[in-house]
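Letter by letter, the chains look like this.
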Amino acid sequence: MDKLREELYDKAFAFQQTKLWKKLEEDNLFAMKHSDGTIGYCGFDNARSLSGCLLVYPGAEGLSGLREIVHTYEIVDMPIAKIQATINENLVGCQLMASYDLTDEEIREVREYCAAHGRSTPRGRSGWPKFVCAYPGYVPRSLKDGEDEDCKRHLAEALDACLWLSELLEQETKKSLGFQPGLEPDTLVPLIEWAPEGKYRLGVHSLPDSPLLPEVTGYNEVMAEKLRRMKKTSGTWLVDVFNIPVPINDEDDSDDNALFFPLMSLALAGDEPYVNMCRPGEGSDRQLLDDMIQLFLAHGRPLQIITVTERAYRICAPLGRRSGIKTVLYENKDTDYYDMLME
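Residues numbered from 1 in each chain as written. Predicted model: local features only at pLDDT ≥ 70, side-chain atom pairs only at ≥ 80, totals over all residues. Heavy atoms only, no water.

Novice: Describe unusual backbone geometry, listing the residues and the values that go with them.
Specialist: Look at Lys19: it is not a glycine, yet its phi comes out positive at around 50°. By secondary structure assignment, the location of Lys19 is in the loop between helix 1 (3–18) and helix 2 (20–23). The exposure class assigned to Lys19 is partly exposed, which follows from its relative accessible area of 38%. With a phi angle near 75°, Asp186 is a residue other than glycine that sits in the positive phi range. Structurally, the position occupied by Asp186 is in the loop between helix 7 (174–177) and strand 7 (188–193). Accessibility expressed as a relative area gives 58% for Asp186, which makes it exposed. (Helix = DSSP H or I, 4+ residues; strand = E, 2+ residues; numbered from the N terminus. Buried < 20%, exposed > 50% of the residue type's maximum accessible area, 1.4 Å probe, protein only.)

Below, the structure written as structure tokens:
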């Protein structure tokens, strides 16, 4: 067990004693300025744990993922949208779980820690610390010893801030500290700035806007130009991009922690579907766009591309401008279309 992981256990057991998740609501976020200057957005999710769960969402991208989850679960009545939001969350967390939610290795590690520090092993259905991370398109996994150093450091600092915050709440109210519900941009939340030896500073932070998904760059412009000059046309195409909600791993990858949800592009010309898939991550959107260019070259230049999601639009829009193809985002989601995807 490395030193930073041992520190996580120190702080997790101390966090358990504060029961801070009972003093604050799930939508009472606070911002954490870490020692490296980055911002994490910290909150609690009691549905994920029997006895407390601290989640840290990194930067505006992590906060955007949280907003998407809340939006789809509270407003959007489409199961596939909820699944997609959950698959693409971005966080690091400390969950206080039942022993049966831990792997044998994690149980052994907790017992070794407790024995080395003269602490009783957790009993009953809760109180076993589990440290996890989730990256967009990948199955959430346990933090690895000797790896995930930034994640572990950020989580340790956030847990330490919770200890400090719990002491403040013994003397102050949530309102006086600046807590208020809401995830909307410009909502003011408490800012806890990390400092060595537990000397924190309390300030105010305005929640940022969710960043726009970046448009694809570096795609095959030679093939895109060939498509632009193509005389053969193929009418209107409907395009969507989403993660298949069944995790897999590469055949040559024996590490179960590498499980991912394949990223798929679905292009419909009339009733005929065309599918391409790849592993999520850097360059995946570009790969899907290059595959679509080859598809259009085989069937004829589209007169129009209708994209179902914002991600599909941000992938196809550069091609539309480069090749003179009208590309639009279809705002009115067709429930029949989503039912078909679920099937």
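Okay, back to it.
Novice: Go over helix 10 (residues 310–323), please, and point to the residues and values.
Specialist: Its 14 residues give helix 10 an end-to-end C-alpha distance of 20 Å, which sits within 8% of 20 Å, the value for a rise of 1.5 Å per residue. Within helix 10, the axis deviates most sharply at Cys316, by approximately 35°, and proline Pro318 lies no more than four positions further along. Looking at helix 10, one finds that the buried residues are Ala312, Arg314, Ile315, Cys316, Ala317, Pro318, Leu319, Gly320 and Ser323. If you follow the buried residues of helix 10, they end up packed against helix 8 (221–228), strand 9 (236–243), helix 9 (284–299), strand 12 (304–307) and strand 13 (326–329). Looking one or two residues past helix 10, Gly324 carries a phi angle of roughly 70°, positive in sign. (Expected span 1.5 Å × (residues − 1). Bend = angle between axes of the 7 residues up to and from the residue. Contact = heavy atoms within 4.5 Å.)

Novice: Could you give me a rundown of the packing of helix 1 against helix 5 (residues 104–116), with the residues and numbers involved?
Specialist: In contact at an axis separation of 11 Å, helix 1 and helix 5 are set at 80° when each is read in the N-to-C sense. Between helix 1 and helix 5, the interaxial angle falls into the category roughly perpendicular. Between helix 1 and helix 5, the contacting residues are Arg5, Glu6, Tyr9, Asp10 and Phe13 on the first element and Glu106, Glu109, Val110, Tyr113 and Cys114 on the second. Counted by class, the contact of helix 1 with helix 5 contains 5 nonpolar, no polar and 5 charged residues. (Axes fitted to C-alpha atoms, helices over the stretch in contact; angles between N-to-C directions. Parallel < 35°, antiparallel > 145°, perpendicular 65-115°, else oblique. Nonpolar A, V, L, I, M, F, W, Y, C, P; charged D, E, K, R; others polar.)

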